[in-house]
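Coordinate inspection notes
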Amino acid sequence: MKPFRDSYVQDVDTLAVGLLQIGAVELRPNDPFTWSSGWKSPIYCDNRLVLGYPMLRDLVVSGFENIIATDFPAVELVAGTATAGIPHAAILADRLSLPTAYVRSQAKAHGRGKQIEGHVRAGMKAVVIEDTLSTGQSAYQAVSSLQEAGVDVLAVLSILSYDFDAAGERIQESGVPAYRLVPYRSLVRVARERGDVNDQEVELLMRWREAPENFGM
Ligand SMILES: O=P(O)(O)OC[C@H]1O[C@H](OP(=O)(O)OP(=O)(O)O)[C@H](O)[C@@H]1O
Ligand SMILES: O=C(O)c1cc(=O)[nH]c(=O)[nH]1
C-alpha cells in the first residue's frame with residue numbers, strides 16, 4: 001500500500017503559498033519547538049490559522065471534498081481529531097450533508113467518559129480529518145478508537161504532512177491510507193521559490209526530515 005497519497009485537482013502550490021502568506025509556517029532552528037510527540041523541531045506549521053481566512057479555508061475543504069468524491073464516494077461520517085481537525089471536519093460534513101463527530105486524544109475523565117463524541121454507529125464508513133500529520137500518532141489513535149467502535153475508516157485526510165518514515169510505517173500497519181493536500185517537500189520548495197527561506201535553511205529542513213527524532217539532542 002502507498003502510505004502517503006496526493007490529492008487530485010487541488011492546486012498544491014496555491015495552498016502552500018496561502019499557508020506561507022498567513023504566517024502559518026515558522027522556523028526556529030536555534031530555539032526548537034516541542035511537538036505533540038515530544039520531538040524537538042526547527043519548524044512549526046500552525047494550520048489552525050487557516051480558520052481565519054475563509055478563502056484558504058474553502059480551498060482546504062474543497063481539497064478534502066475532491067478526495068472524497070474521487071476515492072470515497074460512499075463515506076457516511078466525517079470525524080475530526082481533537083482539537084485542530086474538528087472545525088475542518090465540521091465544515092466538510094456540512095458541505096456533504098453528512099454526520100460529523102470528533103475523537104479526543106483520551107477518553108473524558110468525567111461525564112459519559114467518552115473518547116468519541118458524536119453519534120457513531122458500527123458499520124459506518126468514515127474519513128478522519130487531521131490538520132497536520134507529524135508522527136501520525138494523533139490521527140491513527142483516532143483511527144483505532146473508531147475501529148474499536150466498529151467504524152470502517154477509509155482514510156485519513158490532512159492539510160499538511162511531513163511524510164516521515166515513522167508515520168509511513170504507522171500508516172502501513174493500520175492499512176488506512178493518509179492523503180495530504182500539501183506534502184512537506186512541496187511546502188519547502190514553494191517557500192524557497194518565494195524567498196521565505198534561503199538555500200542553507202532548505203538544506204537544514206531537508207536534512208532534519210531524514211532523522212527528526214534526533215534534532216536538538
Ligand atoms: O502526528 P502527531 O505526532 O500526532 O502530531 C500532529 C498533531 O499534533 C497537533 O495537535 P496538538 O497535540 O498540538 O493538539 P491540538 O490539535 O489540540 O492543537 C496537530 O494538530 C496534530 O493533531
Ligand atoms: O507535531 C506537532 O505537534 C505539530 C507540528 C506542526 O508543525 N504543527 C502542529 O500544529 N503540530
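As the structure is a computational prediction, the values presented were derived from the model and not from experiment.

**Regarding the site of ligand 1**
By nearness alone, 14 residues border ligand 1, and Thr83, Asp131, Thr135, Gly136 and Ser138 come closest of all. One nitrogen or oxygen atom from the side chain of arginine 48 is found 2.8 Å from an oxygen atom belonging to ligand 1. Judged by its atoms lying within 2 Å of the grid points, ligand 1 is housed in the largest pocket. Secondary-structure elements contributing two or more residues to the shell around ligand 1 are β9 (125–133) and α4 (137–148). Counting residues per element, the shell around ligand 1 draws most heavily on β9, at four residues. Its residues placed into classes, the shell around ligand 1 shows three nonpolar, eight polar and three charged.

**Quick look at empty space enclosed by the protein**
If you walk through the whole model with that rule in mind, you get one cavity of 30 Å³ or more. Computed from the structure, the largest cavity encloses a volume of approximately 50 Å³. Forming the walls of the largest cavity are Thr81, Ala82, Val103, Arg104, Ser105, Ser138, Gln141 and Ala142. For the lining of the largest cavity, the element with the highest residue contribution is α4, accounting for three residues. In the lining of the largest cavity, the residues fall into three nonpolar, four polar and one charged.

**Some words on the nonpolar core**
In terms of nonpolar packing, the biggest core is built from 68 residues, with Leu157 and Tyr162 touching the most fellow members. It is strand β10 (residues 152–161) that provides the largest number of residues to this core, a total of seven residues. For tyrosine 162, the residues in contact, after removing those within four places along its chain, are Trp35, Ile43, Tyr44, Cys45, Thr132, Leu133, Ser134, Tyr184, Trp208 and Arg209.

**Topic: the sheet that holds strand β7 (residues 100–103)**
Across the sheet, which stays open at both edges, the seven strands sit in the order β1-β11-β10-β9-β6-β7-β8 with mixed pairing between neighbours. Each having just a single partner strand, β1 (4–6) and β8 (116–117) make up the two edges of the open sheet. Pairing of β7 with β8, which is carried by two bridges, proceeds in the antiparallel orientation. Residue pairing in the sheet places valine 103 in a bridge with isoleucine 116 of β8. Each of β10 and β11 (178–183) is contacted by helix α6 (residues 184–194), which is oriented at about 5 degrees to β11, the strand it contacts most.

**Description of the UniProt feature "binding site: 5-phospho-alpha-D-ribose 1-diphosphate" (unreviewed entry) in the chain**
Per the UniProt record, the feature "binding site: 5-phospho-alpha-D-ribose 1-diphosphate" (unreviewed entry) sits at Arg104, Lys108, His110, Glu130, Asp131, Thr132, Leu133, Ser134, Thr135, Gly136, Gln137 and Ser138. Spatial dispersion of the annotated residues is evident: they stretch over 35 residues in sequence, and the largest pairwise C-alpha distance comes to 29.3 Å. For the largest cavity, the lining residues among the annotations just cited are Arg104 and Ser138. On the secondary structure map, aspartate 131 appears in strand β9. Apart from the residues lying within four places of it in its own chain, the contact partners of aspartate 131 are Asn47, Arg48, Ala84, Gly85, Ser158, Ile159 and Leu160.

**Quick look at the environment of threonine 81**
As for its position among the elements, threonine 81 is in strand β6 (residues 77–81). C-alpha of threonine 81 to C-alpha of serine 138: the two residues are 57 residues apart in sequence and 7.1 Å apart in space. Among residues more than four places away in sequence, those in contact with threonine 81 are Ile86, Val103, Val128, Ile129, Glu130, Ser138, Ala139 and Ala142.

**So, the site of ligand 2**
Lining the immediate surroundings of ligand 2 are Trp35, Ser36, Tyr44, Cys45, Arg48, Thr132, Ser134 and Tyr162. One of the side-chain nitrogen or oxygen atoms of tyrosine 44 is found 3.1 Å away from an oxygen atom of ligand 2. Between serine 134 and ligand 2, the recorded distance is 2.7 Å, taken from a side-chain N or O atom to an oxygen atom. For ligand 2, whose accessible area on its own is 290 Å², the fraction buried by protein is 92%. The cavity that encloses ligand 2 is the largest pocket. Residues that form the shell around ligand 2 fall into these classes: four nonpolar, three polar and one charged.

**Remarks on the UniProt feature "domain: Phosphoribosyltransferase" (unreviewed entry) in the chain**
Following the UniProt record, one finds the feature "domain: Phosphoribosyltransferase" (unreviewed entry) at residues 77–153. As a span, residues 77–153 carries 30% helix and 29% strand, and end to end its C-alpha atoms are 9 Å apart.

Rules used in this analysis
- Residues numbered from 1 in each chain as written.
- Chains lettered and ligands numbered in written order.
- Predicted model: local features only at pLDDT ≥ 70, side-chain atom pairs only at ≥ 80, totals over all residues.
- Heavy atoms only, no water.
- Near = heavy atom within 4 Å.
- Polar contact = N/O pair within 3.5 Å; in protein donor to acceptor, adjacent residues only side chain to side chain.
- 1 Å grid on protein atoms, 1.4 Å probe; cavity = no way out; pocket = protein on both sides within 12 Å on 5 of 7 lines; lining within 4 Å.
- Sits in = over half its atoms within 2 Å of the grid points.
- Helix = DSSP H or I, 4+ residues; strand = E, 2+ residues; numbered from the N terminus.
- Nonpolar A, V, L, I, M, F, W, Y, C, P; charged D, E, K, R; others polar.
- Points joined across faces, edges and corners; volume = space filled by probe spheres on them.
- Core = buried A, V, L, I, M, F, W, Y, C linked by side-chain atoms within 4.5 Å.
- Buried < 20%, exposed > 50% of the residue type's maximum accessible area, 1.4 Å probe, protein only.
- Contact = heavy atoms within 4.5 Å.
- Pairing = 2+ DSSP bridges.
- Axes fitted to C-alpha atoms, helices over the stretch in contact; angles between N-to-C directions.
- UniProt positions renumbered as here; feature names shortened; annotations may be inferred.
- Areas by Shrake-Rupley, 256 points an atom, 1.4 Å probe, with all protein chains shown as cover.

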